[in-house]
Amino acid sequence: MKIMKFGGTSVGKPARMHEVARLATADKEPKIVVLSAVSGTTNALVAISQKLALGERDAARLAIDALETQYQNFIAELVHTDAALEKARAVLQEHFEFLHIILRISWSEALNKDILAQGELLSTKLFCTYLEEQGLRYALLPALDFMRIDEHEEPQLDTIRTLLGAMLQQHAGTGLFVTQGFICRNARGEVDNLKRGGSDYSASLIAAAAGASVCEIWTDINGMHNNDPRVVDRTLPVSRLSFDEAAELAYFGAKILHPASIWPAQQHNVPVKLLNTMDPGAEGTLITGDATAPGAKAIAAKDGITAVNIKSSRMLLAYGFLRRVFEIFEKHRTSIDMITTSEVAVSVTIDNASALPAILEELGALGTVSVDGDQAIVSIVGQEIASDTSMLQRVFSSLEGVEIRMVSYGGSLHNISLLVAADKKKDVLQRLNKGVFGL
Ligand SMILES: Nc1ncnc2c1ncn2[C@@H]1O[C@H](COP(=O)(O)OP(=O)(O)O)[C@@H](O)[C@H]1O
Ligand SMILES: N[C@@H](CC(=O)OP(=O)(O)O)C(=O)O
């Protein structure tokens, strides 16, 4: 069984959906095709939900109508027979009727999740309409019937495996399955999601649950590049990465992969391939459990970082101080990315500042606390780069004159991370591209 996940741009136009169907039926291996929402749809749904939350019903209605017009144009090019067009129209009617009904309901977080789920529900049903028109056999596996997260929003892999396994058995003999990325049910049985960009995570969880031979992530670029192509002009694809390298890059901001998407595949040793729907013949990136050649592979950056510094008296810095600091972050379910310590102070970074006021209040009892918002973590990732004696020198000499707020070195053999002000990120990525990769 092979998993093929197609992102928003890969299903973003009718012609691209046609290409997805071609790729998914190009060989005989059974497949589960995982689809994201058509690009732009989730953002549009977020905007609709925000308008509703603010009580701006007329603005929400206009946004729903604009989205519906886009979809009417989409289906006109997606399918051509009268029967298929009728089916596609019925799909739109069902989902846009739902969106119009919610205009009359008061907004809640649970309703918000229902609204956001419409994108993947639409894309998969429209894709299936096209498959049907082409006479291709398939089965739709509703993700809401098997994708589960617990009360801490963690995927329940055993439950997913059991539910998905039973559904696959019901369709024994079917070679093509279609399901939604991103959406799931939570511990209360409500519709929920795996956070923005979560379809990669869905694909990796499904790959682990189904014991897949490979998890292919099809997107709009020839695999993982050595630097962020949105920021840096000259970047090149990386052909091989280990799971450890890919997990570090995803976690530290390489947008091509959802931050948590590597661990399920890694735990179940399913190779991951990053491929380009617009250039299917390109090599892409292969990610496996094998160690790659030593050296820097790629640089990633994560924005929206807050640094918190806690300065203690010497007395307090006796053993137990760090434990007390960490316990406060743990209590508020806030994970720490980088840490540096000195004799009297500790600095940590967080990317989720929602509990920061409560955290600061409690940290205040341990010492003097200061906060730097608007920071970015820049990570240089590669097999054993921390044991390459020339690497630090290359990193620092290329960043001469740039103020570096924190450095993390030695926590992982494969990662050197720097904290810089967010407005310096672009300059730092460009300089490192030259200094580390000579590009
Ligand atoms: N290191 C990187 N390598 C490749 N792409 C990257 C990297 N960093 C950021 N990106 C961006 O990630 C995008 C693909 O991810 P995403 O937009 O989530 O695709 P999809 O919609 O297919 O899920 C690329 O178009 C690229 O701009
Ligand atoms: N619809 C979701 C899920 C997703 O993963 O999209 P993409 O595969 O295009 O990044 C989002 O926009 O966040």
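Residues numbered from 1 in each chain as written. Chains lettered and ligands numbered in written order. Predicted model: local features only at pLDDT ≥ 70, side-chain atom pairs only at ≥ 80, totals over all residues. Heavy atoms only, no water.

Caption draft 1: Molecular detail of the packing of aromatic side chains. Evaluated as defined, the whole model comprises 5 aromatic pairs. Geometrically, the ring pair formed by phenylalanine 6 and tryptophan 218 is stacked, given 5.7 Å between the ring centres and 20° between the ring planes. In this pair, phenylalanine 6 sits in strand S1 (residues 2-6) while tryptophan 218 sits in strand S7 (residues 214-219), placing the two residues 212 residues apart along the sequence. The buried category is assigned to tryptophan 218, whose relative accessible area is 5%. Each residue in the set Tyr71, Phe74 and Phe96 is aromatic and connected to the rest through ring pairs, giving one cluster. Above the plane of the ring of tyrosine 251 lies lysine 302, whose end atom (NZ or CZ) is 3.8 Å from the centre. (Phe/Tyr/Trp six-rings, centres within 6.5 Å; stacked < 30°, edge-to-face > 60°. Helix = DSSP H or I, 4+ residues; strand = E, 2+ residues; numbered from the N terminus. Buried < 20%, exposed > 50% of the residue type's maximum accessible area, 1.4 Å probe, protein only. Lys NZ or Arg CZ within 6 Å of the ring centre and 35° of its normal.)

Caption draft 2: Structural view of the sheet that holds strand S9 (residues 272-276). On the basis of which strands lie adjacent, the open sheet formed by 8 strands has the order S3-S4-S2-S1-S7-S9-S10-S8 and mixed pairing. Strands with a single pairing partner mark the edges of an open sheet, and in this sheet they are strand S3 (139-141) and strand S8 (240-242). In this sheet, adjacent strand axes meet at a mean angle of 20° when their direction is disregarded. Relative to strand S4 (residues 176-180), strand S2 (residues 31-35) runs parallel, the two sharing 5 bridges. Bridged to isoleucine 32 within S4 is phenylalanine 177. Along the sheet, helix H8 (residues 243-251) contacts S8, S9 and strand S10 (285-288); its crossing angle with S8, the most-contacted strand, is approximately 90°. (Pairing = 2+ DSSP bridges. Axes fitted to C-alpha atoms, helices over the stretch in contact; angles between N-to-C directions. Contact = heavy atoms within 4.5 Å.)

Caption draft 3: The arrangement of the UniProt feature "binding site: substrate" (unreviewed entry) in the protein chain in detail. Those places that UniProt annotates as "binding site: substrate" (unreviewed entry) correspond, in this numbering, to Thr42 and Glu120. Taking the farthest pair of C-alpha atoms as the criterion, the annotated set spanning 79 residues converges on one region, since that pair is 8.6 Å apart. As for its placement among the helices and strands, threonine 42 is situated in helix H2 (residues 41-53). Among residues more than four places away in sequence, those in contact with threonine 42 are Ala37, Leu116, Glu120, Phe182 and Arg196. Position of glutamate 120 among the secondary structure elements: in helix H5 (residues 109-133). If near-sequence neighbours (up to four positions away) are discounted, glutamate 120 is found in contact with Leu35, Ser36, Ala37, Thr42, Gln180, Gly181, Phe182 and Ser199. Within the structure, glutamate 120 has its side chain in polar contact with the backbone nitrogen of alanine 37 (distance 2.9 Å). (UniProt positions renumbered as here; feature names shortened; annotations may be inferred. Polar contact = N/O pair within 3.5 Å; in protein donor to acceptor, adjacent residues only side chain to side chain.)

Caption draft 4: Molecular detail of the side chain of lysine 425. Mapped onto the elements of the fold, lysine 425 is located in helix H13 (residues 425-437). Within the structure, the side chain of lysine 425 is placed 3.0 Å from the side chain of aspartate 303, a separation counted as a polar contact. Ignoring sequence-local partners within four residues, the contact set of lysine 425 consists of Val231, Ala301, Asp303 and Ala376.

Caption draft 5: Representation of the sheet that holds strand S13 (residues 345-350) in the model. Taken together, 6 strands build an open sheet; the order of strands is S12-S13-S11-S14-S16-S15 and the sheet is antiparallel. In the strand order of this sheet, the two ends are held by strand S12 (336-341) and strand S15 (406-412), each with one partner. Here the average twist between neighbouring strands, direction ignored, is 30°. Along the sheet, H8 makes contact with strand S11 (295-311), S12, strand S14 (368-383), S15 and strand S16 (415-421), crossing S11 at roughly 50°. Together, S11, S12 and S13 form the strand contacts of helix H10 (residues 321-331), whose direction differs from that of S13 by roughly 25°.

Caption draft 6: Highlighting the UniProt feature "domain: Aspartate/glutamate/uridylate kinase" (unreviewed entry) in the protein chain. Per the UniProt entry, the sites bearing "domain: Aspartate/glutamate/uridylate kinase" (unreviewed entry) are residues 2-276 in this numbering. Between the end C-alpha atoms of residues 2-276 there is a gap of 17 Å, over a span that is 48% helix and 14% strand.

Caption draft 7: Layout of the site of ligand 1. In the vicinity of ligand 1, 16 residues are found, and the nearest of them are Lys5, Thr219, Asp220, His225 and Lys255. Measuring from an oxygen atom of ligand 1, one finds a side-chain N or O atom of aspartate 220 at 2.7 Å. One of the backbone nitrogen or oxygen atoms of histidine 225 is found 2.8 Å away from a nitrogen atom of ligand 1. Protein chains bury 86% of the 570 Å² of accessible surface belonging to ligand 1 in isolation. Split by residue class, the shell around ligand 1 holds 4 nonpolar, 7 polar and 5 charged. (Near = heavy atom within 4 Å. Areas by Shrake-Rupley, 256 points an atom, 1.4 Å probe, with all protein chains shown as cover. Nonpolar A, V, L, I, M, F, W, Y, C, P; charged D, E, K, R; others polar.)

Caption draft 8: Molecular detail of the pattern of salt bridges. Tallying each qualifying case throughout the model produces 24 salt bridges. When the shortest N-O distance is used, the salt bridge between lysine 195 and glutamate 153 registers 2.7 Å. Placement of lysine 195 in the loop between strand S6 (191-193) and helix H7 (199-210) and of glutamate 153 in the loop between S3 and helix H6 (157-170) is noted, with a sequence separation of 42 residues between them. In this structure glutamate 153 comes out as partly exposed when scored by relative accessible area, which is 43%. The structure contains a network of salt bridges with shared partners spanning Lys2, Asp27, Lys31 and Glu216. (Salt bridge = Lys/Arg side-chain N within 4 Å of Asp/Glu carboxyl O.)

Caption draft 9: Layout of the environment of leucine 140. Note on placement: leucine 140 falls in strand S3. For leucine 140, a relative accessible area of 29% puts it in the partly exposed group. Residues contacting leucine 140, with those up to four places away along its chain left out, are Thr124, Cys128, Val178 and Gln180.

Caption draft 10: Representation of unusual backbone geometry. For glutamate 153, which is not glycine, the phi torsion reads 65° and is therefore positive. Look at lysine 195: it is not a glycine, yet its phi comes out positive at around 75°. Its relative accessible area of 45% is what places lysine 195 among the partly exposed residues.

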